[in-house]
Amino acid sequence: MLRTLRYLTTGLALGCLNNIAHAVVIDTFDTGQPAISRTAPTDTGTRVDAWVSGAGILGGERELTLTLNPTVGDGTRLNAEVSGGTYNLNKDSTAGSFSYAYIVWDGVDGSGTVDPNGLSSVDLTEAGSHDAISISVRNNSNPATVYVVADSGFGYSSRAALNLPGGVASPRTFTVPFSVFSTLGFNGPASFDDIGALQLQISSMPAQNLVIDRVQTTSTLSATKRDSLLLDVNNDGVANPGDVLRYTVQVVNAMGDGSGQVDNVMFSDTLDSHTSLVAGSISTTQGVVLSGNNPGDTAVSMDLGTLIDGTTVTLSFDATIDNPGPAGLTQVANQGTVSADSLTTLLTNDPDTGPPNDATVTAVVVPPVLSATLGSTLAVDSNGDSQAGAGDTLLLQMSVTNTGGPATALVFKLPDPANAQLRNDSVNTSRGVVTSGNGAGDSSVEVALGDLPGGASATVSVEVMLPAPLPVGLSQLSVQGQLSGGNFVAFNTDDPGTVAVGDATVVALAAAPPPPPAPGTGAHAIPVTGPAGLALMIIALLVAGARSRHG
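Only a predicted model underlies this, so the values are computations on that prediction, with no experimental measurement involved. (Residues numbered from 1 in each chain as written. Predicted model: local features only at pLDDT ≥ 70, side-chain atom pairs only at ≥ 80, totals over all residues. Heavy atoms only, no water.)

Chemist: Explain the environment of Leu346 here, please?
Modeler: Note that Leu346 resides in strand β25 (residues 343–347). The spatial distance from the C-alpha of Leu346 to the C-alpha of Asp131 is 9.6 Å, given a sequence separation of 215 residues. Non-local contacts of Leu346, meaning those with residues more than four positions away in its chain, are made with Gly128, Ser129, Ser219, Leu221, Ser222, Ala223, Gly336, Thr337 and Val338. (Helix = DSSP H or I, 4+ residues; strand = E, 2+ residues; numbered from the N terminus. Contact = heavy atoms within 4.5 Å.)

Here's what the structure looks like:
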């Protein structure tokens, strides 16, 4: 499907879960975990840990921990479980604010103790394309604080606080940028490209019902790109060589909490090798064009500056598809890159397709570029004079070549050649099917060549017989074939032996010798050679004179 070549780059955070290609999935909660609980007074002031291994869990194991506030009243209950694809935390109204629940991912260790190296250096940035953790919340009855804790080895730790609002009754996604984490470890902060353990530490109101259904990495910015056909040279509604495409890009920061400022946002784009940038075509709603608007520029580079929460930057540029397009060209693809202080390789996404973070691909239809010749050679030389003439047989050979895009449903036709007769069973083709010319009584040739890919060729040959004798005054034979098809205008064959283009193939015919005089009519030619020939000529003249006196 041809799309408007306008590249959109968009960043989403609070409010919806992005389709992030190759996101680091921390937990899908598809692997269930039996409930653990604490009940006062028996479990007051105590902690319980449980762990489970399974699919959809970072590091292969998830640990759940509960701690009951020692000041709660008798009968107070704290409960956590994973079932139906969700993590569920429930607290009685008397559980107190200092009753905690933890979710821990630190590799397979079969222990409730956090191992700061257990994940063996997981890169949460996905080589610079992600700069945040997203938490999908399905329900949250009262306000809660979720502390996200990241470890990169002993003493290297960072923490960020996510304040969840109460009254969440439908799915919402909350994003925690890496940039808001503060140093927690006594040796230094965690490195998000080298994570050994990750935790969610949940502190909430006394009465709480919290449901989480997914945790994964994401980006504070998202990038989408769309394409459109700006200039359709032949008005066929599809992209062809020589047409101009417009790429429209949007860069959006939609963190949603008012604190999601992203600094030093840059955009860069290197075009498909079969397109060229239209210099001076770049426009933007924010920022400075660094490259692309000057003659000779081949790539796009822009400094978009700082994007505060809720900012959308829209930019566009144009590209011309190479003309002529190479044989076999079916599409052009384009994908830009967004970078920022916390991002290095966020790729643009085509929002009109299913896969996330894929390049914007535009179908290109390269029309066929066909040429055809019709040549002639002497196949049977009846009198051995090496010239086409009476009673001879000519071999006609048509050759068609395609240097453009695929040609469909090719048909070659050669009409009944005037002053010559088609020799049946002589039609041969390198591809397709002979539909006329080889049958008894056929007087014309037709060959269904089928589809002819770019870079391919085909030949058709046929023999025609010249009459004996030739009609009086016939000095040449003119023949011309025609090619038609499903995606090009029909055209005639060309004579390869002339400079003219699209002319008929003309074969010169040798003149027939004059017939000998009938016996007894007129003088007979007598070869005169030397004295003997002269004597014979004198005798012949005397005899002719005597006949005229006595006739």
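Chemist: Explain the sheet that holds strand β17 (residues 262–270) here, please?
Modeler: Backbone-to-backbone hydrogen bonds join strands into a sheet, with any given pair of strands oriented parallel or antiparallel. Overall, antiparallel pairing links the five strands, which are arranged β20-β21-β17-β24-β25 in an open sheet. Of all the strands in the sheet, the pair left with one neighbour each is β20 (288–291) and β25. Taking each pair of neighbouring strands and ignoring which way they run, the sheet shows an average axis angle of 25 degrees. Taken together, the three bridges between β17 and strand β24 (residues 337–340) define a ladder with antiparallel strand orientation. In the sheet register, Ser268 faces β24, and the bridge partner there is Thr337. (Pairing = 2+ DSSP bridges. Axes fitted to C-alpha atoms, helices over the stretch in contact; angles between N-to-C directions.)

Chemist: Help me understand a nonpolar patch on the surface, please; the structure alone is not making it clear to me.
Modeler: Residues Leu230, Leu231 and Val233 make up a contiguous nonpolar surface patch of about 270 Å² in total accessible area. Its location among the elements puts Leu231 in strand β15 (residues 221–231). Overall, Leu231 belongs to the partly exposed group, its relative accessible area being 45%. (Patch = residues over 30% accessible without salt bridge, like charges linked within 9 Å, V, L, I, M, F, W, Y side chains within 5 Å. Areas by Shrake-Rupley, 256 points an atom, 1.4 Å probe, with all protein chains shown as cover. Salt bridge = Lys/Arg side-chain N within 4 Å of Asp/Glu carboxyl O. Buried < 20%, exposed > 50% of the residue type's maximum accessible area, 1.4 Å probe, protein only.)

Chemist: Would you explain the nonpolar core in this entry?
Modeler: Buried together is how nonpolar side chains tend to be arranged in soluble globular proteins. Ranked by size, the top nonpolar core spans 46 residues in total, and within it Tyr87, Leu89, Leu124, Ile133, Ile135 and Leu200 carry the most contacts. Excluding residues that lie within four positions of it along the chain, Leu124 makes contacts with Val24, His130, Ile133, Phe178, Phe192, Asp193, Ile195, Leu198 and Thr217. One finds Ala372, Val400, Leu422 and Leu483 within the second-largest nonpolar core, a separate group that totals 33 residues. (Core = buried A, V, L, I, M, F, W, Y, C linked by side-chain atoms within 4.5 Å.)

Chemist: Honestly, the pattern of salt bridges in this entry has me stumped. Any pointers?
Modeler: In a structure, side chains of opposite charge can pair up when their charged atoms sit close to one another. In this structure the tally under the stated criterion is eight salt bridges. Asp43 serves as the salt-bridge partner of Arg38, at 3.5 Å between the closest nitrogen and oxygen. Comparing Arg38 with Asp43 shows no difference in burial state: the two are buried. Here Arg47 ties to Asp49 by a salt bridge, and the two come within 3.0 Å at their closest N and O atoms. On the accessibility criterion, Asp49 (29% relative accessible area) is partly exposed.

Chemist: Looking at this structure, I do not really get the confidence of the model for the protein. What am I missing?
Modeler: Residues shown with low pLDDT carry predicted positions that ought not to be read at fine detail. When pLDDT is averaged across the protein, the result is 88; 87% of the residues are at 70 or more. Scored below 50 in pLDDT, residues 1–21 shows 121 contacts in the model against residues more than four places distant or in partner chains. (pLDDT = per-residue confidence, 0-100.)

Chemist: What is the right way to look at the environment of Pro368 in this model?
Modeler: With respect to the secondary-structure elements, Pro368 resides in the loop between β26 (360–363) and β27 (370–380). Looking at Pro368, the relative accessible area reads 14%, which means it is buried. Sequence separation of Pro368 and Gly455 is 87 residues, and the distance between their C-alpha atoms is 9.8 Å. Sequence-distant contacts of Pro368, that is, excluding residues within four places in its chain, are made with Asn402, Gly404, Gly405, Pro406, Ala407, Asn487 and Phe488.

Chemist: Would you take a moment to explain the sheet that holds strand β36 (residues 482–484) for this structure?
Modeler: Judged by pairing direction, the sheet is antiparallel, and its five strands sit side by side in the order β32-β33-β29-β36-β37 without closing on themselves. Two strands lie at the open edges of the sheet, namely β32 (433–436) and β37 (491–492), each paired on one side alone. The sheet contact formed by β32 and strand β33 (residues 445–452) spans three bridges and is antiparallel. Residue pairing in the sheet places Ser436 in a bridge with Glu446 of β33.

Chemist: It is not clear to me how unusual backbone geometry should be interpreted in this structure. Could you clarify?
Modeler: One can expect most non-glycine residues to show negative phi and most peptide bonds to be in trans. Geometrically, the link from Ala40 to Pro41 is a cis peptide bond, its omega value of 5 degrees lying close to zero. For Pro41, the position within the fold is in the loop between β2 (33–39) and β3 (47–53). Backbone geometry at Phe29 places phi at a positive 60 degrees, although glycine is not the residue there. Here Phe29 is to be found in the loop between β1 (25–27) and β2. Backbone geometry at Ser386 places phi at a positive 60 degrees, although glycine is not the residue there. Relative to the assigned elements, Ser386 resides in the loop between β27 and β28 (393–402).

Chemist: What's the story with the pairing of strand β9 (residues 144–151) in this structure? I'm lost.
Modeler: The side chains of a regular strand alternate between both faces of the sheet. The buried fraction of β9 is high, at seven of eight residues. Bridge analysis of β9 against strand β10 (residues 157–164) gives eight bridges, and the strand direction is antiparallel. Bridge assignment links Val148 to a residue of β10, and that residue is Ala160. With antiparallel pairing between neighbouring strands as the criterion, β9 and β10 make up a hairpin whose turn holds five residues, including Gly153 at a positive phi of roughly 115 degrees.

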